[in-house]
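Structure at a glance
Residue-level listing of the chains:
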Amino acid sequence: MSNPSSEDNNPKQVWQSQPTEGVRMSIVEVHAKASTFQRKIWGRNLREYIAAAIVVLFFGYRFAYTSDPFIRAGMALIIAGTCYLTWQLHVRGSSRELPKEAGLSSFIDFQRSQLIRQRDMLAHIWSWYLGPLVPGLVVTMIAIGRVTAGRVPHIWLLLALYLGIVFAVFFVIDRLNKRAARGIQSQIDELDAASR
């Protein structure tokens, strides 16, 4: 009869050598994380809606008191672009209500789908958020340059500098949103690991 080694009888080593499972989240943890995420989305969207309303009111007021048809066209394009991006934000990025009664897998599926929606929205910010503002900005700047040429020295240089600054800000916004999309992807990965 063989004599078992002392290692086989050591409870600590037997326990440590057992295969481990991935860390699983409880339904309470998933629900809490989903609720926090939905509140963040709601707050972000509210700030965006308020900013959009301010832009529309400002350019609408300026539109009403500007007689130049080209400047009016540029401002109308800015207002239209702002309305479009607001609608896209609502369609693509509005928060969804958490399921009231569901099991862990339903909560995980729900949260994963919401994270994917937000990630995809942030990753493509030029197509629906920044891009729609560009025509109005360009038309407005050209119209202002045309109206003020000869009266303001170096107006075209000043307007080109202004547009350069605007596009630099747009570039930074794009980078920040892509970084946020990567952060959301890490949350998706964490959720996937927890649900295995």
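See the structure printed just above.
Every residue gets a number counted from 1 within its own chain, in the order that chain's sequence is written. Only residues with pLDDT of 70 or above have their local features reported here, since the model is predicted, and side-chain atom pairs are shown and tallied only from 80 upward, although totals for entire chains, interfaces and linings are computed over all residues. As a rule here, side-chain values come from all non-hydrogen atoms in the structure, and water together with hydrogens is ignored.

**Side note on the overall build of the protein chain**
For the record, the criterion: Helix and strand assignments come from DSSP, with helices taken as H or I runs of at least 4 residues and strands as E runs of at least 2, each series counted from the N terminus. Each residue gets one of three labels from its accessible area relative to the maximum for its type: buried under 20%, exposed over 50%, partly exposed in between, using a 1.4 Å probe on protein chains only. Should any heavy atoms of two residues lie within 4.5 Å, those residues are considered in contact. For the area figures, the Shrake-Rupley method with a 1.4 Å probe applies, and any residue is considered shielded solely by the protein chains shown.
Of regular secondary structure, the protein chain possesses 8 helices and 0 strands. Counting from the amino terminus, the protein chain carries its helices and strands in the arrangement α-α-α-α-α-α-α-α. The buried share of the protein chain, reckoned over its 196 residues, is 33%. Of the contacts made within the protein chain by residues no fewer than 6 positions apart, 76% connect residues no fewer than 24 positions apart. Accessible surface, the protein chain as shown: approximately 12700 Å² in total, 65% of it carbon and sulfur.

**Re the side chain of D174**
Looking at where D174 falls in the secondary structure, it is placed in helix α8 (residues 155-195). Not counting chain neighbours up to four residues away, the residues in contact with D174 comprise I125, W126 and L130.

**Description of the environment of G43**
Relative to the helices and strands, G43 resides in helix α3 (residues 27-64). Along the sequence, G43 and S95 sit 52 residues apart, while their C-alpha atoms lie 9.6 Å from each other.

**Overview of the pattern of salt bridges**
It is possible for side chains bearing opposite charge to pair when their charged atoms get close. Rule in force here: One speaks of a salt bridge when a side-chain nitrogen belonging to Lys or Arg is within 4 Å of a carboxyl oxygen belonging to Asp or Glu.
Inspection of every chain in the model, using the stated rule, returns 5 salt bridges. When the shortest N-O distance is used, the salt bridge between D120 and R119 registers 2.9 Å. For D120, a relative accessible area of 31% puts it in the partly exposed group. Salt bridges linked by common partners bring D174, R175 and K178 together as one network.

**Description of the packing of aromatic side chains**
The line we're drawing: Classification of ring pairs rests on two measures: the distance between centres of Phe, Tyr or Trp rings, Trp counted by its six-membered ring, which must be within 6.5 Å, and the angle between planes, read as stacked under 30 degrees, edge-to-face over 60 and tilted in between.
Across all of its chains, the model carries 6 aromatic pairs by this definition. Taking the centre distance of 6.2 Å and the plane angle of 50° together, the rings of Y84 and W87 count as tilted. Taken as a pair, Y84 and W87 lie in helix α4 (residues 69-93) at a separation of 3 residues, close to a single helical turn. With a centroid separation of 5.9 Å and an interplanar angle of 85°, the aromatic rings of F167 and F170 are classed as edge-to-face. Of this pair, F167 and F170 both sit in helix α8, 3 residues apart, which is roughly one turn of the helix.

**Comments concerning the nonpolar core**
Put simply, the rule is: Throughout this description, the term nonpolar core refers to a set of buried Ala, Val, Leu, Ile, Met, Phe, Trp, Tyr and Cys residues connected via side-chain atoms within 4.5 Å.
Among the nonpolar cores identified, the biggest contains 33 residues, and L115, W128, Y129, L137, F170 and I184 are the most heavily contacted of them. Of the residues forming this core, the biggest block, 9 residues, is contributed by α8. With residues near it in sequence (within four places) discarded, I184 still touches F37, L115, Q118, R119 and L122.

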